Amino acid sequence: RRVEEYLKSEAKKANALVFVLIDSEISNMDASIKLARGVEQAGASAILVGGSSATDQMGMSQTVQAIKKSVKIPVILFPGNITGIVPEADAIFFSCLMNSDNPYFITQAQALGAPSVLKFGLEALPTAYLIIGQGTSAWFVGSARGIPLGKPNIAAAYALAARFFGMRFVYLEAGSGAATNVNPEMVRAVRRAFDGFLIVGGGIRDAGTAKQLADAGADALVIGTLLEQDGKLETLVEITKTIQGRTA
Ligand code: 1GP
């Protein structure tokens, strides 16, 4: 449990960590490497590769290899399907999309993918993946019945179920590019129900929002879309400084 221990010990030193999601299909290889180096410098604690619309396994594999060579922080797979499982990453968010209406995303893809996780020697991080709100790619592709943004108790009930299942990570996902991020009230409610590692992502674009979510109890925030625009590394530095007290 090398990556899990690293994440937990880093999280103890900060208000919250920052993970950056690199979509292997949006960026070209050189851009991915440059971005990975930049975000490591900016204070990110891990790089996630994947997403619900990243389905090119070969492209993903090349991206992971290139990023692995360029940074020291862990590279964690964030698969939207079985094609998101590739060798050479450090770990994988082995996720159950608990509020999907399609059993494929709850257990079937996991069963189909598990042998590859074993074969590639990936550290599996058991994750309850909860989609909050609607209208995003993750919501649509994952056939999710999105938990309403204003219903923190429903999210907390799912997180409690995840805890009873023995899952050690909960990921509250508003969806990439979401207009509305998961609100602090929901993070607080989930924090009360779940004592494992709590990840929050989707639509986080500024340090003020990041601080509110960190204060509400998130252990890590995932930032993706913000970095797809040039010059936004500065905002990332601001975010990491605000929630980690670290200088870049
Ligand atoms: C998506 O939570 C991540 O899976 C990141 O979301 O792209 O909106 O930052 P953004």
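Preceding this section is the structure that the text describes.
It should be emphasised that the depicted structure is a prediction, and the values quoted were computed from it without experimental measurement. (Residues numbered from 1 in each chain as written. Predicted model: local features only at pLDDT ≥ 70, side-chain atom pairs only at ≥ 80, totals over all residues. Heavy atoms only, no water.)

Draft legend 1. Spotlight on the pattern of salt bridges. Scanning all chains against the criterion turns up 10 salt bridges. The salt bridge partner of Glu5 is Lys8, with a shortest N-O separation of 4.0 Å. Taken as a pair, Glu5 and Lys8 lie in helix 1 (residues 2–13) at a separation of 3 residues, close to a single helical turn. Glu5 gets classed as partly exposed once you look at its relative accessible area, which sits at 43%. Note that Glu10 and Lys13 form a salt bridge whose closest N and O atoms lie 2.7 Å from each other. With Glu10 and Lys13 both in helix 1, this residue pair falls 3 residues apart, about one helical turn. Look at Glu10 and you get buried, because its relative accessible area is 11%. The exposure class of Lys13 is exposed, given its relative accessible area of 60%. (Salt bridge = Lys/Arg side-chain N within 4 Å of Asp/Glu carboxyl O. Helix = DSSP H or I, 4+ residues; strand = E, 2+ residues; numbered from the N terminus. Buried < 20%, exposed > 50% of the residue type's maximum accessible area, 1.4 Å probe, protein only.)

Draft legend 2. Broad picture of the packing of helix 2 (residues 29–41) against helix 3 (residues 57–70). Following both chains from N to C, one finds helix 2 and helix 3 inclined at 40°, their axes separated by 9 Å at the closest point. Our classification of the angle between helix 2 and helix 3 gives oblique. Pair helix 2 / helix 3 crosses with right-handed handedness. Facing helix 2, whose interface residues are Met29, Ser32, Ile33, Ala36, Arg37 and Glu40, helix 3 presents Gln62, Thr63, Ala66, Ile67 and Ser70. Its residues assigned to classes, the contact of helix 2 with helix 3 shows 5 nonpolar, 4 polar and 2 charged. (Axes fitted to C-alpha atoms, helices over the stretch in contact; angles between N-to-C directions. Parallel < 35°, antiparallel > 145°, perpendicular 65-115°, else oblique. Left-handed = near helix turned anticlockwise from the far one by under 90°. Contact = heavy atoms within 4.5 Å. Nonpolar A, V, L, I, M, F, W, Y, C, P; charged D, E, K, R; others polar.)

Draft legend 3. Summary view of helix 4 (residues 108–119). What helix 4 keeps buried is the set Ala109, Gln110, Gly113 and Val117. Buried residues in helix 4, looked at end-on, bunch into an arc of 80°, giving them a common side. Looking at helix 4, the residues exposed on the side facing more than 90 degrees away from the buried face are Ala111, Pro115, Leu118 and Lys119. In this structure, the buried residues of helix 4 make contact with strand 4 (91–97) and strand 5 (123–131). Residue Gly121 follows helix 4 closely and has a positive phi angle near 65°. (Arc of directions from axis to C-beta.)

Draft legend 4. Quick look at the packing of aromatic side chains. Applying the stated criterion across every chain, the model contains 7 aromatic pairs. Between Phe19 and Phe197, the aromatic rings sit 6.2 Å apart at their centres with planes inclined by 0°, giving stacked as the arrangement. Residue Phe19 is located in strand 1 (residues 17–22), and its partner Phe197 is located in strand 7 (residues 197–201); the two are separated by 178 residues in the primary sequence. As far as the burial class goes, Phe19 and Phe197 line up, both buried. With 5.7 Å between their ring centres and 80° between their planes, Phe78 and Tyr129 make a pair best called edge-to-face. Of this pair, Phe78 sits in strand 3 (residues 75–79) while Tyr129 sits in strand 5, placing them 51 residues apart in sequence. (Phe/Tyr/Trp six-rings, centres within 6.5 Å; stacked < 30°, edge-to-face > 60°.)

Draft legend 5. Quick peek at the sheet that holds strand 8 (residues 220–223). Taken together, 8 strands build a closed barrel; the order of strands is 1-2-3-4-5-6-7-8 and the barrel is parallel. Taken over all neighbouring pairs, the strand axes of this sheet differ in orientation by 30° on average, direction set aside. Relative to strand 6 (residues 169–173), strand 5 runs parallel, the two being bridged by 5 bridges. Bridge assignment links Thr127 to a residue of strand 6, and that residue is Phe169. Helix 3 rests against strand 1, strand 2 (46–51) and strand 3 of the sheet, and its axis sits at about 175° to strand 2. Helix-sheet contacts for helix 9 (residues 233–244) involve strand 1 and strand 8, and the interaxial angle to strand 1 is about 150°. (Pairing = 2+ DSSP bridges.)

Draft legend 6. Representation of the environment of Arg163 in the model. Within the secondary structure layout, Arg163 lies in helix 6 (residues 152–165). Assessed through its relative accessible area of 36%, Arg163 is described here as partly exposed. C-alpha of Arg163 to C-alpha of Ser116: the two residues are 47 residues apart in sequence and 26 Å apart in space.

Draft legend 7. A look at the environment of Gln134. As for its position among the elements, Gln134 is in the loop between strand 5 and helix 5 (137–141). The class of Gln134 is exposed, set by a relative accessible area of 63%. Between the C-alpha atom of Gln134 and that of Val3, which follows or precedes it by 131 residues, the distance is 31 Å.

Draft legend 8. Quick look at the side chain of Thr209. Within the fold, Thr209 resides in helix 8 (residues 207–215). The contact partners of Thr209, leaving out residues within four places of it in the chain, are Asn181 and Ile204.

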